[in-house]
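Structural description and commentary
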Amino acid sequence: MTDAVALTAAQAAAAVEAGDLDPRELFEAYRARAAADDLNAFVWVAGEAPGEPASGPLAGVPLGVKDLFCTEGVPSQAGSKILEGYRPPYTASVVARLAEAGAPLLAKTNQDEFAMGSSNENSAFGPVLNPWDRSRVPGGSSGGSAAAVAAGLVPWALGTDTGGSIRQPAALCGIVGLKPTYGAVSRFGMIAFASSLDQAGPLTRDVTDAALLFRHMTGRDPRDSTSIGLPEEVRLPSARRLDGIRLGVPDDLTGEGVEPGVMAAFEAALDRARELGATVERVALPHADYGLSAYYVLAPAEASSNLARFDGVRYGLRVEADDLLTMYTRTRHDGFGAEVKRRIMLGTYALSSGYYDAYYGRAQRVRTKIAEDFKAAFDAVDFVVTPTSPGVAFELGAKTGDPLSMYLNDYFTVPMSLAGIPAISIPCGLSEGLPVGLQLAGPAFSENRVLDAAFALEQALGFDGSGARQ
Amino acid sequence: MIDREQVLHVARLARLSLSDDEVQQMAGELSKVLGHIEKIAELDLDGVPPTSHVVEVPNALRPDEPRPSLPRDVVLAAAPAVADGGFLVPSPQAG
Amino acid sequence: MSDVAYEAVIGLEIHVQLSTRTKMFCGCELGFGEPPNTRTCEVCLGLPGALPVANAEAIHFGLMIGLALDCDLAPRSIFHRKNYFYPDLPKGYQISQYDEPLCRGGKLGDVRIHRVHLEEDAAKLIHLGTSGRLHGSEASIVDFNRGGTPLAEIVTEPDLRSAEDAGEWLRLLRTTLRRLGVSDVNMEEGSLRCDANISIRPAGTHELGTKTELKNMNSFRFIERGIRAEIARQEALLRAGEPVVQETLHFDPRTEAITSLRSKEEAHDYRYFPEPDLTPVGITDAMLERARAAMPELPAARAERFERELGLPADGARLLAWRTELGDYFEAALADDGDDAPEPQALANWLNELVARIETDDPAESQVQPRALASLAAMVAGKRVTQNAAKQVLDRLVAEGGDPAAIVEAEGLGAIGAGDELEPVVQQALDANPDVVAKLSAGDMKPIGVIVGHVMRETRGRADGGAVTRIVRQKLGL
Ligand SMILES: [Zn+2]
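All of these numbers come straight from a predicted model, not from anything done at the bench.

1. Considerations on the coordination of the zinc ion
All names here are of chain C. For the zinc ion, the protein coordination sphere consists of Cys 26 (SG), Cys 28 (SG), Cys 41 (SG) and Cys 44 (SG), at 2.3 to 2.4 Å. Coordination at the zinc ion comes from four donor atoms whose angles at the metal span 99 to 116 degrees, giving a geometry best classed as tetrahedral. Each donor residue of the zinc ion belongs to the same chain, with the gaps between them written as C-x1-C-x12-C-x2-C. Note that Cys 26 is positioned in the loop between strand 1 (6–17) and helix 1 (56–68) and Cys 44 in the loop between strand 1 and helix 1, a separation of 18 residues in sequence.

2. Observations regarding the nonpolar core
Grouped together as the largest cluster of nonpolar side chains are 209 residues, with contacts concentrated most on Phe 69, Phe 114, Leu 158 and Ile 424 of chain A. Residues in contact with Ile 424 of chain A, not counting those within four places in the same chain, are Val 176, Gly 177, Leu 178, Val 207, Leu 438, Gln 439, Leu 440, Val 450, Leu 451 and Ala 454 of chain A. With 101 residues, the next largest nonpolar core counts Cys 194, Phe 251, Ala 348 and Val 380 of chain C among its residues.

3. Some words on the packing of helix 7 (residues 207–215) of chain A against helix 15 (residues 447–461) of chain A
Residue and element names in this part refer to chain A. Relative to each other, helix 7 and helix 15 sit at 160 degrees, their axes nearing to 9 Å. As far as their axial angle goes, helix 15 and helix 7 are roughly antiparallel. Like other packed secondary-structure pairs, helix 7 and helix 15 cross with a definite hand, here left-handed. Within the contact between the two elements, helix 7 uses Val 207, Thr 208, Ala 210, Ala 211 and Phe 214 and helix 15 uses Glu 447, Leu 451, Ala 454, Phe 455 and Glu 458. Taken together, the residues of the contact of helix 7 with helix 15 sort by class into seven nonpolar, one polar and two charged.

4. Quick notes on the interface of chain B and chain A
Residue-level contacts link 52 residues of chain B with 65 residues of chain A. Interface of chain B and chain A: buried area, both sides summed, is about 5,200 Å²; carbon and sulfur atoms make up 69% of it. Counting every contact that joins chain B to chain A gives four salt bridges. In this structure, Glu 22 of chain B engages Lys 341 of chain A in a salt bridge whose closest nitrogen and oxygen atoms are separated by 4.0 Å. Elements represented by at least two residues in the side of chain B that touches chain A include exactly helix 1 (4–13), helix 2 (20–37) and strand 2 (86–90) of chain B.

5. Concerning helix 14 (residues 448–459) of chain C
Residue and element names in this part refer to chain C. For helix 14, with twelve residues, the first-to-last C-alpha span of 17 Å sits near the 16 Å given by 1.5 Å per residue. Taken residue by residue, helix 14 has Ile 448, Ile 451, Val 452, His 454, Val 455 and Thr 459 as its buried positions. Taken down its axis, helix 14 places every buried residue within 160 degrees of arc, on the same side. Buried residues along helix 14 sit against helix 12 (423–432), helix 13 (434–441) and helix 15 (465–476). Trailing helix 14 by a residue or two, Arg 460 shows a phi angle of about 50 degrees, which is positive.

6. Details of the sheet that holds strand 16 (residues 273–274) of chain C
The three strands lie next to each other as 5-4-16 (chain C), forming an open sheet whose pairing is antiparallel. Both edges of this open sheet fall to strand 5 (93–96) and strand 16 of chain C, since each of them pairs with a single strand only. Where strand 4 (residues 80–83) of chain C lies against strand 16 of chain C, two bridges are found, and the strand directions are antiparallel. The residue bridging His 80 of chain C from the neighbouring strand is Pro 274 of chain C, located in strand 16 of chain C. Across the sheet, helix 9 (residues 291–306) of chain A lies against strand 4, strand 5 and strand 16 of chain C, angled at about 60 degrees from strand 4 of chain C, the strand it touches most.

7. Some thoughts on the pairing of strand 4 of chain C
Residues and elements named next belong to chain C. Burial along strand 4 is two-sided: His 80 and Lys 82 and Arg 81 and Asn 83, pointing in opposite directions, are all buried. Examined bridge by bridge, strand 4 and strand 5 share four bridges and lie antiparallel to one another. From the neighbouring strand, Arg 81 faces strand 5, where its bridge partner is Ile 95.

8. Some words on the side chain of Gln 364 of chain A
Within the secondary structure layout, Gln 364 of chain A lies in helix 12 (residues 357–380). With a relative accessible area of 4%, Gln 364 of chain A lands in the buried category.

9. Quick look at the interface of chain A and chain C
Counting residues at the interface gives 41 residues for chain A, matched by 34 residues for chain C. Taking both sides of the interface into account, the surface hidden between chain A and chain C amounts to around 3,000 Å²; carbon and sulfur atoms contribute 58%. For the chain A face of the interface with chain C, the top three residues by lost area are Ser 225, Arg 309 and Arg 314 of chain A, together amounting to 20%. For the pair chain A and chain C, the number of links is two salt bridges. Across the pair Asp 277 of chain C and Arg 187 of chain A runs a salt bridge whose closest N-O atoms are separated by 3.1 Å.

10. Some points on the domain arrangement of chain A
When the parts of a complex come together, some accessible area is lost, and that lost area is often taken as the interface size. Residues and elements named next belong to chain A. When its domains are assigned, chain A resolves into domain 1 (2–241) and domain 2 (289–362). On a C-alpha basis, the centres of domain 1 and domain 2 stand 27 Å from each other. Facing the 19 residues of domain 1 at the interface are 19 residues of domain 2. Roughly 1,600 Å² of surface becomes buried between domain 1 and domain 2 when both sides are summed, with 67% attributable to carbon and sulfur atoms. On the domain 1 side of the interface with domain 2, the three residues burying the most area are Ile 82, Met 116 and Phe 193, jointly 38% of the side's total. At the surface where domain 1 touches domain 2, the tally comes to zero salt bridges. Taken together, the links from domain 1 to domain 2 amount to eight residue pairs in polar contact (both at pLDDT 80 or more). Grouping the constituent residues of the side of domain 1 that touches domain 2 by class yields ten nonpolar, seven polar and two charged.

Each value, and the rule that gives it
- Residues numbered from 1 in each chain as written.
- Chains lettered and ligands numbered in written order.
- Predicted model: local features only at pLDDT ≥ 70, side-chain atom pairs only at ≥ 80, totals over all residues.
- Heavy atoms only, no water.
- Donors = N, O, S within 2.8 Å, 3.2 Å for Na, K, Ca; no water.
- Tetrahedral: all angles 85-135°; square planar, octahedral: opposite > 155°, others 65-115°.
- Helix = DSSP H or I, 4+ residues; strand = E, 2+ residues; numbered from the N terminus.
- Core = buried A, V, L, I, M, F, W, Y, C linked by side-chain atoms within 4.5 Å.
- Buried < 20%, exposed > 50% of the residue type's maximum accessible area, 1.4 Å probe, protein only.
- Contact = heavy atoms within 4.5 Å.
- Axes fitted to C-alpha atoms, helices over the stretch in contact; angles between N-to-C directions.
- Parallel < 35°, antiparallel > 145°, perpendicular 65-115°, else oblique.
- Left-handed = near helix turned anticlockwise from the far one by under 90°.
- Nonpolar A, V, L, I, M, F, W, Y, C, P; charged D, E, K, R; others polar.
- Buried area = accessible area lost by both parts, 1.4 Å probe.
- Salt bridge = Lys/Arg side-chain N within 4 Å of Asp/Glu carboxyl O.
- Expected span 1.5 Å × (residues − 1).
- Arc of directions from axis to C-beta.
- Pairing = 2+ DSSP bridges.
- Domains from an automatic or database assignment.
- Polar contact = N/O pair within 3.5 Å; in protein donor to acceptor, adjacent residues only side chain to side chain.

So, in C-alpha cells, the structure goes:
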C-alpha cells in the first residue's frame, strides 16, 4: 500500500479507474496514516471507510477538509473552543459537491482559530508541526491541511484563503495551494472569517491535483449570492513551455523584508521561466504596499460582525451567568483565543462611530485602487509573480508575541485577496533545507491559464517534496 | 494611540469581558497595529469609489419557494440550554 | 408664556411584515402560531457558515410599495449589517438597508415619505419568569419562527400635526398596503407596527423642537392615545419651563403611563457596513414592469373616482375608499341591483346606517348582503318604504339577514302612500285635534306637524309625510 500513498491524487484516481487500485484500500491506507498523525494536523479522522464505495470522477480518493467547513454530524469548530463539540446539521456546499464527485471525507484538519493566523499556532487544538522540521510552523491558517498533504497523510485537502491562508502554508510546507477568483467556489457552509475575501481552494502535492480538485469545487451555488463559478470548465494543465508569456515582478512587492534565501530561490525560478520562453519584467502595483494596512482593517471589521453570532445562545460554549450581558461577555472571553479577540477588537474599533470613514471607508477605497493596479498590470503582463512568503517556515513561538510581525507574513498574498484574483503558490526550491513558494497571480477567472503556467514551471523546477513524507 | 478607556468601550460593544491585564495588553497591541494601518491615511483617495463587492453578481435573488425547515430536536440539540421548545437565556434587562 | 398654543410635529416609522411565502433570506415558510422553533433552518438560526439569499418576491413587494407611495425607486440598492447583540438576533446583526435603500421620497395623502427599505424581522422572546435552572434569575426563551420574516420599513417626513391625523393617515396606509396584497397589516398580530417621532413647537413657528420616539404601539387606538399623551407630557414640561429630553419612550395602554426605555448602556453604535454576503439589488425593467402590472387601484385613486364618477362628496368618497372593505361592499351593492339601481349617495348613507349597526369592521361579514342593502335603498328611493320603516327593515336584516322586500311584505311595513288606507287615519287625527284644525283653516300651517306626527304614530312610521299633508289640504279645502 505504500505504493498507493506515493501516488498523487490524480494518479490514484486513474489507478482506481483502471481497476488497479481498490478505493476502499486506498481510503484505509490513508485512514491508518491519518490516525497515526504526530503533526497534530487533524482534529477528527473518519472511523471507517464510507459504506458505499465512492463513484464519480474523483474515484474515491479521500479528502482532508479544513475544520471550518461544516460537515453534517462531524465536528466542525473552526479551531475554536467556542464551538467545542459542535456538529452541524448540514454540510458545506463545496464538501457536498466533492463527495458527489467521489472524494469522501477522510479527516478534518487543524487550523488557526477562525482562520486567523499565519502559523497555525492559534488553534484551540494546539499548533501543527511542519513535516520538514517539527520545530517549525506549517504556516496558516490552513496549516493542518498543508502539513497533512506534505506529509502524505491525505492525498489532498481543502483549505480557505482570506489573505494568504492557502498559499502561505502551501509555500511553507512545499506543496501547491490555489486561491481561486473570489466567487469561483461557494462559501455556503464555510464558517466565515471575512466574507468579502474568504475563498475555498485546494492544497495538493502538485498542480495537476490542484486543477483536478478545483474542477469539482467551482460552480455557481444558489445558496451563496456571491458565487458565480467559472466561465469555462477547469482543464487539467498540459503546458510545457512559457513562450510569449510575460511575467511581471512588482517593484512594490519585493525587496525589503524578504529573506535572502527566499529571494535566491525565487530568482532561480524566474531564470527557469526565462528558459521556458517567458519574459520577466518589472511591473508597477503602486498601492500594493498599502494592501496589508487595508486588509487589517477590512478583514477584522467583517470578522467582528461574523463572529457576533457566537453568543452562547444557540450552539457552542456558554459560560452561565445570571444576567444576559455577563453571559455574553464571559462566554466570548472564555471561548475566543487571544488573536481572535484582538481582531474582533480591531474590527469593532474600525467600524465604530467616528472611525468608520478613517478606517473602513478608506480601506475600501484602497481596495479599489489595488484592484485597478492589477487591471493595469495585466494590460502589460500575463501574470504577476512574487515570493509567496517573505521567509521560510519559522520556529514555533518565534512570532507569537508580536502580532504585527506575524501579520507581515501576508504581505505578498494580501493584495491578490483584496483584488479578488486567482493566485497559486508552487514550491520553487529550498532555503536552509526548507521549502520556498512562488506565487503566480492572474486576472479574475483566469484559473486555467494560471494552472497551465504553474504546471509548466513546476515541471521545469522538478521540486522534490518526498522529503516531508515519512 | 488607543487608550484604556477606548479599549473598554470597544470591548463592551463587542461583548468581550477583559481582565485588567488583558486591557493593558490589548491597548498596546492594538496601538501598534493601528500605527501600521495609519499608513492608508497618506493616500489621496478623493473621488475613489469604495469596493464592498469585488466581483459584482447583480440580483442573485431566490425564488419565493419554501424549503423544508430543520426538525426542532436537531435545532435544539446544539443549544447550551433549552426550555419549552426554545433556547433558554437569561432575560435581557428591562431598564 | 403660559398661554402659548403649541402644535405637534409627528413623523411615523412603520414596520410591515410582508406576506411572502418564505422568509427574507431563507426558504423557511412564514407561519403564525406554530410551536416554537419549527420554522427555522441554518440560515435564520444564524448557524456558522450559513449565508443569506434575498427573496425576489420581497423585493417585488418592496417595489410595489414604492410605486404605491410614489417613491423614487433606486436603480441599485444594497443591504447593510446593523450590528448589535440581543438574543432575538441570531447573527448578532440585522440585515437591513442603510444609505442606499430600495425607495426614497414619495407621498401618500398629505404626508411625504422619507424612505422605504427592506430588512429582516427579529425572533420572539418569551419571558418565562423565574427559572430554577438559572439560579432563581429571570429567564426567557427564544423562538426563531418569526426571525427572518421580511419587513418593509416605511419612514414618513414629520408632516402630521395631531394624534388624530396620525391615526387617520395610518389607516390610509394600512388600506393601501392591504389593497396591494403585500401584507396582512394586522396590528394585533404584529404584522403592522408603528413608532412615532414626536415634538412640539409654538404654533406658527417653524423650528423643530426636541423629539422623542414613542415605541411599541400595537393598535390604532393605542397609537392615538399614546401620541396624545406624549404631546400632553411635552406640553406640560415646556409650560413648566423644563426641557424635553431626546429619548425613546414606551406607552403603556393600560395605565396610559409613558416610561423611558433608555438603558444603562451607552448609546447604540450599530456599526453599519455593507453586507458582504449579499450582492447589490439592481432593479431591471422587467422587475419594474412586473411591479407596475401588479398594482391595483389604490384608495386615493378610488376616492377620486367615487367623487368624479359617482358624484359623492369628497368626505364621503374618502370614507368609503380609505376603508377597502367599505369601498368593496359599496361597489358590490352598486353593481348588484341591475334593474333597480340605487342612487350612490343614498346607498352610501344606507351603508353608514349598516356600519353603525354591526360589530365587525367589514360589512361583508354581516348578515346583510350587498344586494339586500341596494334593494332597500332603491325601495326608499321609490317611496315603496319610508325612511323610518326602512330603518326597521335594516334592523331585521342585521339580526337575521334575508330579503328586504320579503320583510316589508311580511311585517306590513310598506309605505302607505295615498287614498283609501291613509285617508281614515288622517281623518282620525283631524278629529282628535280640533284646535289644530282651527289654526290650519285660518291659514296657519305651522301646527300641521302635529297631524303628521299623529298619523306616523298610528301607522308605525309607514305613512308618507307628503301624502299626509296633501290629504289634510284636500280635506280642509286649503
Ligand atoms: Zn430559515
